[in-house]
Amino acid sequence: MDSKSKWNTKYKERMNDLKEPVPNPRLKNQSAYLKGGTALDLACGLGGNSLFLARMNYQVHAVDISDVAISYVRDQADQDHLKIQAQVCDLTELNNPFWVNQNFDLVVISYYLDRSLFSMVKSLIKEGGYFFMETFYQSPNTGNQGVSNQYKLNPKELLDEFNNWDVLFFDENEQESIQTIFCQKR
């Protein structure tokens with residue numbers, strides 16, 4: 001099964017039980033820094049972060065490989081009159097034309113890891129803009145989790161990758177095996 005089909009199936013299943021998508025709680029905890037502007041939500045899924053950011057006065061560009069997810073995000077944005085431009089995009093192909101010559105006040109990635117995106121993300125964020133990322137990492141307590149090690153960060157990897165940015169929040173939760181960073185471009 002290809003990636004698009006896999007994620008379409010997963011999102012269809014999730015939508016059966018979903019009342020409303022919720023934002024990442026650690027992103028929500030950074031609300032004091034979220035003053036509006038433009039945001040890019042990479043691998044947005046069913047749009048919990050996108051919807052939250054749009055309500056925080058961001059004009060959000062939301063992308064995901066799943067047309068099921070993107071359709072859902074568009075419907076939610078229309079229903080709630082939110083400024084979200086959602087589009088299908090395979091992040092492994094990095095030929096999305098709207099990224100050319102664009103800069104964002106905030107870029108968000110939750111539970112998606114493609115290290116080749118790091119340099120692109122750094123170039124897309126305006127000076128003084130923010131980056132939030134959370135995903136699995138190889139913690140001492142890491143069990144199988146159903147996630148291959150190639151899709152898990154190394155310990156402190158995000159700190160090392162963004163070492164010349166102002167790190168406003170960093171956490172490695174060993175129980176959940178997740179790593180989170182919220183940082184600002186100097």
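Our structure's up above, just so we're on the same page.
Keep in mind the model is a prediction, meaning the values are calculated, not measured.

Definitions and limits used
- Residues numbered from 1 in each chain as written.
- Predicted model: local features only at pLDDT ≥ 70, side-chain atom pairs only at ≥ 80, totals over all residues.
- Heavy atoms only, no water.
- Helix = DSSP H or I, 4+ residues; strand = E, 2+ residues; numbered from the N terminus.
- Polar contact = N/O pair within 3.5 Å; in protein donor to acceptor, adjacent residues only side chain to side chain.
- Contact = heavy atoms within 4.5 Å.
- Buried < 20%, exposed > 50% of the residue type's maximum accessible area, 1.4 Å probe, protein only.
- Disulfide = S-S within 2.5 Å.
- Axes fitted to C-alpha atoms, helices over the stretch in contact; angles between N-to-C directions.
- Parallel < 35°, antiparallel > 145°, perpendicular 65-115°, else oblique.
- Pairing = 2+ DSSP bridges.
- Phe/Tyr/Trp six-rings, centres within 6.5 Å; stacked < 30°, edge-to-face > 60°.
- Lys NZ or Arg CZ within 6 Å of the ring centre and 35° of its normal.
- Core = buried A, V, L, I, M, F, W, Y, C linked by side-chain atoms within 4.5 Å.

Colleague: Any chance you could explain the side chain of Q179 here in plain terms?
Modeller: When you line up the elements, Q179 lands in strand β7 (residues 178–184). Of note is the side chain of Q179, whose polar atom sits 3.1 Å from the backbone oxygen of N154. Within the structure, Q179 has its side chain in polar contact with the backbone nitrogen of L158 (distance 2.9 Å).

Colleague: How should the side chain of N173 be read in this particular structure?
Modeller: Inspection of the secondary structure puts N173 in strand β6 (residues 166–173). Looking at N173, its side chain comes within polar contact range of the main-chain nitrogen of E176, at 2.9 Å. Those residues within four positions of N173 in sequence are excluded, and the remaining contacts are Y137 and I178.

Colleague: Sorry if this is basic, but what is going on with the environment of G129 here?
Modeller: One can find G129 in strand β5 (residues 125–136). G129 gets classed as buried once you look at its relative accessible area, which sits at 3%. In this structure, the C-alpha to C-alpha distance between G129 and Q87, residues 42 residues apart in sequence, is 23 Å. Dropping the residues within four chain positions of it, G129 is found in contact with D105, W165, C183, Q184 and K185.

Colleague: Would you take a moment to explain the state of the cysteines for this structure?
Modeller: Defined simply, a disulfide is a covalent bond joining two cysteines at their sulfur atoms. This structure, assessed with the given rule, holds 0 disulfides. There is no disulfide at C44, and the cysteine sulfur nearest it, in C89, is 10 Å away.

Colleague: Explanation requested: unusual backbone geometry in the structure shown.
Modeller: Excluding glycine, residues mostly carry a negative phi; peptide bonds, for their part, are mostly trans. One non-glycine residue with positive phi stands out, namely Y111, at about 55°. Here Y111 lies in the loop between β4 (104–110) and α5 (117–124). By relative accessible area, Y111 is classed as partly exposed at 36%. Although it is not a glycine, S177 adopts a positive phi angle of roughly 55°. Mapped onto the elements, S177 comes out in the loop between β6 and β7.

Colleague: Hey, could you run me through the packing of helix α1 (residues 3–17) against helix α4 (residues 67–80) in this one?
Modeller: Any two packed helices are characterised by the angle at which their axes cross and by the distance between the axes. Across the interface, α1 lies against α4 with an axial gap of 7 Å and an inter-helix angle of 45°. Taken together, α1 and α4 sit at an angle that is classed as oblique. Each of K4, N8, Y11, K12 and M15 in α1 lies in contact with α4, whose residues at this interface are D67, V68, A69 and Y72.

Colleague: Would you take a moment to explain the sheet that holds strand β3 (residues 84–88) for this structure?
Modeller: Adjacent strands of a sheet pair through backbone hydrogen bonds, lying either parallel or antiparallel. Taken in spatial order, the 7 strands of this open sheet run β3-β2-β1-β4-β5-β7-β6, and their pairing is mixed. Sheet topology places β3 and β6 at the edges, where each strand pairs with a single neighbour. Mean inter-strand twist for the sheet, computed between neighbouring axes without regard to direction, equals 10°. Along the sheet, α5 makes contact with β1 (37–42), β4 and β5, crossing β5 at roughly 150°.

Colleague: Please clarify how the packing of aromatic side chains should be interpreted in this entry.
Modeller: Two aromatic rings, taken as a pair, are described by how far apart their centres are and by the angle between their planes. The tally for this structure, following the rule as stated, stands at 8 aromatic pairs. Ring geometry for Y111 versus F136: centroids 5.2 Å apart, planes at 65°, classification edge-to-face. Of this pair, Y111 sits in the loop between β4 and α5 while F136 is found in strand β5, placing the two residues 25 residues apart along the sequence. Judged by its relative accessible area of 23%, F136 is partly exposed. In textbook terms, an aromatic cluster arises when at least three aromatic residues are bridged by ring pairs, as seen for F118, F131, F162 and W165. Against the face of F162 rests K122, its NZ or CZ located 5.0 Å from the ring centre.

Colleague: Sorry if this is basic, but what is going on with the nonpolar core here?
Modeller: If you look at soluble globular proteins, the nonpolar side chains tend to sit buried side by side. Of all hydrophobic cores here, the largest spans 25 residues; its most connected members are L42, V107, F131, M133 and F162. Of all elements in the fold, only β1, β4, α5, β5 and β7 reach the threshold of two or more residues within this core. A total of 5 residues in this core trace back to one element, the largest contributor, which is α5. Among all residues touching F131, those that are not within four sequence positions of it are L106, V107, I109, V121, I125, F162, W165, I181, F182 and C183. L34, L82, I84 and V108 belong to the second-largest nonpolar core, a separate cluster that totals 22 residues.

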